[in-house]
Amino acid sequence: MFVPRHPTVWAMAGSLLLAPGGFAAAQTPAPDAASQTEESRPEKPPIQGDGAQTPVTTQAAPDGHVPYTPPPEEAAQLPPMPVVDDDEARKEADSLTRDFRHEVPVALKVSTARKTAWIALARQQLEQAGYTIDRPQVLVVVDRNPSVQRLCLILALPNDPDWQVIGSTKVSTGTTGRKYYYITPTGVFTNTADRLGYRALGTKNENGIRGNGIKGMRVWDFGWQWAEKGWLPSREKGQIRLEMHATDPVYLEQRLGHTASEGCIRIPASLNVFIDKHGLIDAEYEQWAAVDIRFRALLRPDRKPTAISGLAVVVVDSADYHQDSDKTAALKENTGPSKLAARG
């Protein structure tokens, strides 16, 4: 069953927009088309009345999204965020690690050098975005380095620098050299209640591809973000709708590990289910599910939300990590990079 998007998203739907770069691109025209195309459509928000290609100006948070301010009567009913101490958080992370090994068959090992780099780069992005780790929580860290293309679930602790790896898989981020394909931006992108994601219908596009995976796969929407145009040598920027989602299980999932998307983050189906089932970045959605039927409708009825759920996907680039030559060399081990980006 299709779950309607948040009203602020649907307010932009159904019209033909002039995308950055001058070409026309259709926003999702109807619910039944939501799973047919890559969801990082390179478009801008609605054009101002004077025709200028300028997005509507509003007060934005550090990660670029516009926060939703609930009515006082609704906010008063929200349950508190789950908070556990560091010891309980580590026990929960250990439990999630065991579940990850059973539920995500495409899991990969993480070397000490890679863990060190990802944590250092994630901390850097969090600091730049002004995102404070004020409670033990899971971070989804994505390395867009073309030679790496990995995702890692990490337990972040507010008062302990020894963050803990839960699991890792291959992913695909934005590629270069193809027109209208954007480079996935680095930064901190949050799954907050001002945007409501949706679930794939599993329908195929004109090429027989299920762009968001099979029916029921979760699509996390991180709003409009600035990204480099991968087909232009100048790397000028335009805006894309940044999302994280599964991909076609027959034709594209086997290609994960190489840059391939139009800018979104493609993940394995089993990881999609794992993040969804355990509510790893649904901390705020769980709060709102208590008072808003839209969030209850989107979340899995069989979910088992973890006490260390978070909000953030942190995109990093380990090509920028040069702490020392040994660690840089270690990061390149066992990555199996391809010189050709996967098509699709």
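Above this text you will find the structure in question.
Residues numbered from 1 in each chain as written. Predicted model: local features only at pLDDT ≥ 70, side-chain atom pairs only at ≥ 80, totals over all residues. Heavy atoms only, no water.

## Things to note about helix H4 (residues 112-129)
We count it as follows: Runs of H or I in DSSP of at least four residues are treated as helices and runs of E of at least two as strands, each being numbered from the N terminus. A helix is expected to span 1.5 Å multiplied by its residue count minus one. Working definition: with a 1.4 Å probe on protein chains only, accessible area under 20% of the residue-type maximum means buried, over 50% means exposed, and in between means partly exposed.
If you check H4, its first and last C-alpha atoms are 26 Å apart, about what 18 residues at 1.5 Å a residue would give, namely 26 Å. Taken together, the buried positions of H4 are occupied by Ala113, Arg114, Ala117, Trp118, Ile119, Leu121, Ala122, Gln125, Leu126 and Ala129. Gly130, located one to two residues past H4, shows a positive phi value of around 75°.

## A closer look at the environment of Gly263
For Gly263, the position within the fold is in the loop between strand E10 (237-245) and strand E11 (265-266). By relative accessible area, Gly263 is classed as buried at 0%. For the pair Gly263 and Lys229, spaced 34 residues apart in sequence, the C-alpha to C-alpha distance is 9.3 Å.

## Describing the pattern of salt bridges
Note the following rule: Salt bridge, as used here: a side-chain nitrogen of Lys or Arg that lies within 4 Å of a carboxyl oxygen of Asp or Glu.
By the definition in use, this model includes 14 salt bridges. A salt bridge links Arg144 to Asp317, with the shortest nitrogen-to-oxygen separation between them at 3.0 Å. Taken as a pair, Arg144 in the loop between strand E3 (137-143) and strand E4 (150-156) and Asp317 in the loop between strand E12 (312-316) and helix H8 (325-331) lie far apart in primary sequence, 173 residues in all. By relative accessible area, which is 11% here, Asp317 ends up buried. Linking Arg218 and Asp282 is a salt bridge whose minimum nitrogen-to-oxygen distance equals 2.8 Å.

## Re the environment of Ala297
Along the polypeptide, Ala297 turns up in helix H7 (residues 293-298). Distance from Ala297 to Tyr198, taken between C-alpha atoms, is 9.7 Å for residues 99 residues apart in sequence.

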